[in-house]
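A closer look at the structure
Chain by chain, the residues:
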2 protein chains.
Amino acid sequence: MKKRIGYIGLGLMGKPIARNIMRAGYPLTVHNRSQAPVEELVADGAQPADSPLAVAEVSDVVFTNLPDSPDVEQVVLGPNGVIEGCRPGMIFIDNSTIKPETARSIASKLAEVDVSALDAPVSGGDVGAKAGTLAIMVGGPRDTFDSILPIFQAMGKTITYVGESGAGQVAKACNQIMVAAQMVAMGELILLAQKSGVDPRRVIDAIQGGAAQCWALDVKPQRIFAGERQPGFKAYMQHKDLGIVLDTARAYGMPLPATVVVMQLFEAMLQMGMEDLDNSGVIGVLEVMANERLILEAENQ
Amino acid sequence: MKKRIGYIGLGLMGKPIARNIMRAGYPLTVHNRSQAPVEELVADGAQPADSPLAVAEVSDVVFTNLPDSPDVEQVVLGPNGVIEGCRPGMIFIDNSTIKPETARSIASKLAEVDVSALDAPVSGGDVGAKAGTLAIMVGGPRDTFDSILPIFQAMGKTITYVGESGAGQVAKACNQIMVAAQMVAMGELILLAQKSGVDPRRVIDAIQGGAAQCWALDVKPQRIFAGERQPGFKAYMQHKDLGIVLDTARAYGMPLPATVVVMQLFEAMLQMGMEDLDNSGVIGVLEVMANERLILEAENQ
């Protein structure tokens, strides 16, 4: 019989992931603070539950997908939390991006009640979540990972067992170093092209087939040139993730001389009121710094 | 009849590019300061010439591929330079990465003797040069570009007309912002993983299929983990290119807050005596900063 799945946290990423799990034939129970996405998934055949506890009671595997470390702690270990509804043998999987040390401490508390935990953050944006092509980076017991692999395969394409508890979150922190660096570099190069009197669209065409090639250059420029800065992946989440990166680096004594500057630009982005824009919208900070506004496609015609 | 091609500067990039042009059936004359690569190409059927002037005298199209702006100026405009051997209707194409303003000033001097010039820097490394899969970004007169397209197609895969004279060099400067940012981010994330007690190889496996995906992560990590830091693309060339980026940005009043830090790390790399290593070897600067040595594959077995 197929495992019964619970999914808590139906945001930009959680909702399409939960839907893909359901489409793969798993019975699904869902919970979310706001009701709209719950109703959407219930219309597609999911069961609603009114607390994390209630989700855990009827599930063999409980997923969470929440904004930050304290949210996951609260939903798992707090009142009416997953831990109150679980039983020995249940599996807990966190798709959120949180601190590696929080992932480890939650896993160790769940281990006391014989619940095995995986940290399984994802990358690939809302586009990847919908298409089921996410990269999933997993930390925790290897045998638990093996038993969950078919479910991961319903959610993503590149599924990697990274190592012990917390290792998935370390991989995600590493991922965010590269992603954020690319967003800032993309902003700098687009505006430099325009300032130099060269059409940035042509520059993107010219460079995306060479050594600069990256997912960011493949996916984001057409949206930026169209004046579309809605997420995608919200700037305040990018900022939060970079906070995890720098906290982790400090804990282990690792200087990150380029990432700190990238973080400062996202810090500025939040202060300028652009926290709900896509992370590629960091070009907006550079526009202010350069006193230059990117000419949009519509204005060019 | 096929155009007669001259190629001046047979380095890591120039030699394989010249060879691909010859393989496409163009009669080729070559010149280089050191003789070894000349002899290699002559053995394959090229003609040697003992000066840029002599190359130009027997060629319809003259290419250069040289380290820096003053080298191109010298070879084109100096004594025994291309300009002394050219005739009206000849075409000059520079595959070097130099300052956009130098590219424009050379083009304007050549225009006075009815020679049309294209700036056509490339990206894709020695790997792309050999495989004929380079990205080529071109600035100059559109009709000259159109007449040269078949030759570019023998050298590369993504061939983009960017705009007027100098626009190819602006695109290449933009390219280098992204490339250098990725090299530094890759170094930071690999060492952060190791410092956190997680196998960096697994982290690379985990992240290269997601939003962090890039050419650098596709190509470089296996070499880094094997302890192989030979070029590829030399650090002192990356440093030189970032100098062009920052000079251009200053000329147009464009702040590049992340790129300046990236430049500082390549500055340090040169000072530490690592100038002849691959640009991905910038991880060596971070190793010193973190007092952490990357554990190589051989030591892990």
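Residues numbered from 1 in each chain as written. Chains lettered and ligands numbered in written order. Predicted model: local features only at pLDDT ≥ 70, side-chain atom pairs only at ≥ 80, totals over all residues. Heavy atoms only, no water.

Looking now at helix 2 (residues 36-43) of chain A. Residues and elements named next belong to chain A. Burial in helix 2 covers these residues: Pro37, Val38 and Leu41. When helix 2 is viewed along its axis, its buried side chains cluster within an angular range of 105 degrees and face the same direction. Seen from the open side of helix 2, the exposed residues pointing more than 90 degrees away from its buried face are Ala36, Glu39 and Ala43. On its buried face, helix 2 sits against helix 1 (14-23), strand 2 (28-31) and strand 3 (47-48). (Buried < 20%, exposed > 50% of the residue type's maximum accessible area, 1.4 Å probe, protein only. Helix = DSSP H or I, 4+ residues; strand = E, 2+ residues; numbered from the N terminus. Arc of directions from axis to C-beta. Contact = heavy atoms within 4.5 Å.)

Bringing the relation of the copies chain B and chain A into the picture now. Put simply, the second copy of the chain is the first one after a rotation about an axis and a shift along it. Expressed as a screw operation, the relation of chain B to chain A combines 0.0 Å of axial shift with a rotation of 180 degrees, fitting to an RMSD of 0.0 Å. Interpreted geometrically, this transformation is the action of a two-fold axis. Across chain B, the smallest distance between a C-alpha and the rotation axis is recorded for B:Cys214, namely 2.0 Å. With an isologous cut-off of 70% or more, the 100% of interface residues of chain B that recur at the interface of chain A puts this contact in the isologous class. (Least-squares fit on C-alpha atoms with pLDDT ≥ 70 in both.)

Our next topic: helix 8 (residues 142-155) of chain B. Residues that lie three or four places apart on an α-helix share one face, since the helix turns once every 3.6 residues. All names here are of chain B. The first and last C-alpha atoms of helix 8 sit 19 Å apart over 14 residues, in line with the 20 Å expected at 1.5 Å per residue. Considering bend angle alone, the principal kink of helix 8 is centred on Leu149 and spans about 55 degrees; proline Pro150 follows within four residues of it. All buried positions along helix 8 are accounted for by Thr144, Phe145, Ile148, Ile151, Phe152, Ala154 and Met155. (Expected span 1.5 Å × (residues − 1). Bend = angle between axes of the 7 residues up to and from the residue.)

Moving on: the side chain of B:Thr144. Residue and element names in this part refer to chain B. For Thr144, the position within the fold is in helix 8. Note on Thr144: relative accessible area 7%, which makes it buried. Once residues lying within four places of it in the same chain are set aside, the contact partners of Thr144 are Ile91, Ser116 and Leu118.

Now for the packing of aromatic side chains. By the definition in use, this model includes six aromatic pairs over all chains. Note on B:Phe145 and B:Tyr161: the rings are 5.3 Å apart at their centroids and 50 degrees apart in plane angle, and the pair reads as tilted. Of this pair, B:Phe145 sits in helix 8 while B:Tyr161 sits in strand 9 (residues 156-163), and the two are 16 residues apart along the sequence. For B:Phe145, a relative accessible area of 4% translates into the label buried. Three or more aromatic residues link up through ring pairs in this structure, and these residues are A:Phe145, A:Phe152 and A:Tyr161. Directly above the ring of A:Tyr26 sits A:Lys2, whose terminal nitrogen or CZ lies 4.3 Å from the centroid. Just above the ring of B:Phe225 sits the side chain of B:Arg201; from NZ or CZ to the centre is 5.1 Å. (Phe/Tyr/Trp six-rings, centres within 6.5 Å; stacked < 30°, edge-to-face > 60°. Lys NZ or Arg CZ within 6 Å of the ring centre and 35° of its normal.)

What follows deals with the pattern of salt bridges. Residue and element names in this part refer to chain A. Scanning the model with the defined rule gives 28 salt bridges over all chains in all. Asp146 is the partner of Arg142 in a salt bridge, and the nearest nitrogen-oxygen pair spans 3.5 Å. Placement of the pair is Arg142 and Asp146 together in helix 8 (residues 142-155), with a separation of four residues, close to one helical turn. Residue class for Asp146 comes out partly exposed when judged on its relative accessible area of 40%. Measuring nitrogen to oxygen at the nearest pair gives 3.0 Å for the salt bridge that ties Arg229 to Glu287. Pair noted here: Arg229 is in the loop between helix 12 (221-225) and helix 13 (235-252) and Glu287 is in helix 15 (residues 283-290), with a separation of 58 residues, a long-range link. Owing to a relative accessible area of 14%, Arg229 belongs among the buried residues under this scheme. (Salt bridge = Lys/Arg side-chain N within 4 Å of Asp/Glu carboxyl O.)

Residue and element names in this part refer to chain A. Split by domain assignment, chain A resolves into domain 1 (5-165) and domain 2 (170-300). Using only C-alpha atoms to locate each centre, domain 1 and domain 2 end up separated by 29 Å. Contact with domain 1, which involves 15 residues of that partner, is made by 14 residues of domain 2. With both chains or domains summed, domain 1 and domain 2 bury close to 1,300 Å², and 62% of this area falls on carbon and sulfur atoms. The largest per-residue losses of area from domain 1 upon contact with domain 2 belong to Thr97, Pro100 and Met137, which jointly make up 33% of the total buried on that side. On inspection of domain 1 and its partner domain 2, the count reaches one salt bridge. Linking Asp247 and Lys99 is a salt bridge whose minimum nitrogen-to-oxygen distance equals 3.6 Å. Between domain 1 and domain 2 we count six residue pairs in polar contact (both at pLDDT 80 or more) in total. At the level of elements, helix 6 (100-111) and strand 7 (122-123) are the ones that each hand at least two residues to the side of domain 1 that touches domain 2. (Domains from an automatic or database assignment. Buried area = accessible area lost by both parts, 1.4 Å probe. Polar contact = N/O pair within 3.5 Å; in protein donor to acceptor, adjacent residues only side chain to side chain.)

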